[in-house]
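Listed here are the chains, written in short residue letters.
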Amino acid sequence: MSALFISIEGLEGAGKTTQAEVLMAWLAARGHDIVRTREPGGTEIAEAIRDLVLSHHSEKMDPVTELLLVFAARKQHVASLIQPALAAGQWVISDRFTDATYAYQGGGRGLDRSLIASLEETVLANFQPDLTIWFDCDAATGLARAQARGALDRIEGEDIAFFNRCRAQYQLRYDQQPERFIKIDAAPSQAAVSEQLITALEVYFA
Ligand code: Z5A
């Protein structure tokens with residue numbers, strides 16, 4: 001099997017980082033060489049853009065500015081990390097990819113999906129993950145977990161309606177391309193979510 005590009009999606013506090021460890025261990029046990037990365041970020045330049053996107057500023061960031069920044073970071077990430085790793089036979093697991101842009105800039109910020117789709121086509125030539133694992137939970141559950149962990153960044157500070165719109169966009173992406181997704185109920189305990197994930201992986205890679 002050739003190397004796969006796998007993205008992990010979900011609202012903050014859904015447990016993406018926690019469950020990524022389970023996914024990595026499951027794949028490593030099957031002999032795959034894995035690169036783990038994240039968005040926005042993953043390379044020196046893309047991480048610098050991440051700081052700009054997530055930190056608080058005295059000036060309001062225009063939603064289109066935010067969109068262009070996440071795509072600038074993504075282009076750099078794809079060109080200098082993701083595609084070279086795949087070409088070298090390494091599997092890539094990314095905490096978030098373009099589905100997050102549809103969710104946050106499309107759903108959360110209310111930008112036109114066709115603008116995102118046109119960037120996806122022109123900037124990335126429609127490069128997409130082979131598989132996306134969506135950890136789905138309601139916004140209140142995710143936010144409570146994120147808040148319990150500490151200070152919130154610029155996007156985490158948005159209100160619950162923003163995150164409800166993000167979740168609705170994830171659902172739309174899932175409905176449009178169900179073959180690319182594994183959907184996991186992220187509301188139960190960590191152990192129960194891990195169990196669901198492993199069962200789903202066994203079915204997907206059978
Ligand atoms: N963003 C964007 O706007 N547009 C884009 O195109 C992209 C991103 C790519 C990046 O944040 C931000 O950028 C994100 C979207 C935006 N903003 N927001 N808000 P990130 O991905 O770096 O961070 P995050 O999504 O906010 O990650 P997170 O808060 O770390 O969430 P997580 O990784 O899903 O959760 P976790 O770290 O595994 O768990 C969080 C806490 O909950 C932790 O204390 C765990 O121990 C606990 N936890 C985890 N699972 C459970 C269960 N099942 N039960 C109870 N407690 C749990």
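Throughout, residues of each chain are indexed from 1 in the direction in which the sequence is written. Local features in this predicted model are restricted to residues of pLDDT 70 or higher, and side-chain atom pairs are both shown and tallied only at a pLDDT of 80 or more, whereas totals for entire chains, interfaces and linings draw on every residue. Only hydrogens and water are set aside when side-chain values are computed; all heavy atoms of the structure are taken into account.

Caption draft 1: A look at the pattern of salt bridges. The working definition used for a salt bridge is a side-chain nitrogen of Lys or Arg within 4 Å of a carboxyl oxygen of Asp or Glu. For the coordinates displayed, the defined rule picks out twelve salt bridges. Arginine 96 is paired through a salt bridge with glutamate 12; the nearest N and O atoms lie 3.8 Å apart. Of the two residues, arginine 96 sits in the loop between β3 (91-95) and α4 (98-108) while glutamate 12 sits in the loop between β1 (5-10) and α1 (16-29), which places them 84 residues apart along the sequence. For every residue, the accessible area obtained with a 1.4 Å probe (protein chains only) is divided by the maximum for its type, and the residue is called buried under 20%, exposed over 50%, and partly exposed between those limits. Judged by relative accessible area, arginine 96 falls into the buried class, the value being 13%. A salt bridge links arginine 167 to aspartate 136, with the shortest nitrogen-to-oxygen separation between them at 2.8 Å. Taken together, the residues span a long stretch of sequence, with arginine 167 in helix α7 (residues 160-176) and aspartate 136 in strand β4 (residues 131-136) at a distance of 31 residues. Salt bridges here are not isolated pairs; linked through shared partners, they connect Glu66, Arg109, Arg154 and Glu158. Elements are defined by DSSP. Helices are runs of H or I of four residues or more, strands are runs of E of two residues or more, and each kind is numbered from the N terminus.

Caption draft 2: Spatial organisation of the site of the ligand. A molecule or strand has a residue near it when one of that residue's heavy atoms lies within 4 Å. Contacts to the ligand come from 28 residues, most closely from Glu12, Thr17, Thr18, Arg50 and Arg96. Whenever a nitrogen or oxygen atom comes within 3.5 Å of another N or O atom, the pair is scored as a polar contact, on the condition that within protein one atom can donate a hydrogen and the other can accept it, and that pairs from neighbouring residues in sequence are kept only if both atoms are in side chains. Here an oxygen atom of the ligand sits 2.5 Å away from a polar atom, N or O, in the side chain of threonine 18. Arginine 74 is positioned such that a nitrogen or oxygen atom in its side chain is 3.0 Å from an oxygen atom of the ligand. A 1.4 Å probe and the Shrake-Rupley method give the accessible areas. Residues count as covered only by the protein chains that appear here. In isolation the ligand has 1100 Å² of accessible area, and contact with the protein removes 85% of it. For the shell around the ligand, the elements supplying multiple residues, two or more each, are α1, α2 (44-54), α3 (63-87), α4 and α6 (139-149). Ten residue types, Ala, Val, Leu, Ile, Met, Phe, Trp, Tyr, Cys and Pro, are classed as nonpolar, four, Asp, Glu, Lys and Arg, as charged, and the remainder, Gly among them, as polar. Its residues assigned to classes, the shell around the ligand shows eleven nonpolar, eight polar and nine charged.

Caption draft 3: Layout of α4. The buried count for α4 comes to eleven of eleven residues, which makes it a mostly enclosed element. Turning to α4, its buried residues are Thr98, Asp99, Ala100, Thr101, Tyr102, Ala103, Tyr104, Gln105, Gly106, Gly107 and Gly108. Its buried side turned inward, α4 meets β1, α3, α5 (113-124), β4, α7 and β5 (181-185). Positive phi appears at glycine 110, one or two residues downstream of α4, with a value of about 80 degrees. Any pair of residues with heavy atoms lying within 4.5 Å of one another is described as a contacting pair.

Caption draft 4: Summary view of α6. For α6, every residue scored as buried is listed here: Ala139, Gly142, Leu143 and Ala146. Buried residues along α6 cover an arc of 95 degrees about the axis, so they all sit on one side. Considering only its buried residues, α6 is in contact with α7. Positioned one or two residues after α6, glycine 150 has a phi angle of 145 degrees, which is positive. Along the arc lie the directions from the helix axis toward the C-beta atoms.

Caption draft 5: Layout of the packing of aromatic side chains. Only rings of Phe, Tyr and Trp enter the pairing, Trp through its six-membered ring, and a pair is recorded when the two centres are within 6.5 Å. The plane angle decides the type: under 30 degrees is stacked, over 60 is edge-to-face, the rest tilted. As enumerated under the stated definition, the model contains twelve aromatic pairs in all. Judged by centre distance (6.2 Å) and plane angle (55 degrees), the rings of tyrosine 104 and phenylalanine 162 are tilted. Separated by 58 residues along the polypeptide, tyrosine 104 in helix α4 and phenylalanine 162 in helix α7 bring together distant segments of the chain. In terms of burial, tyrosine 104 and phenylalanine 162 fall into one category: buried.

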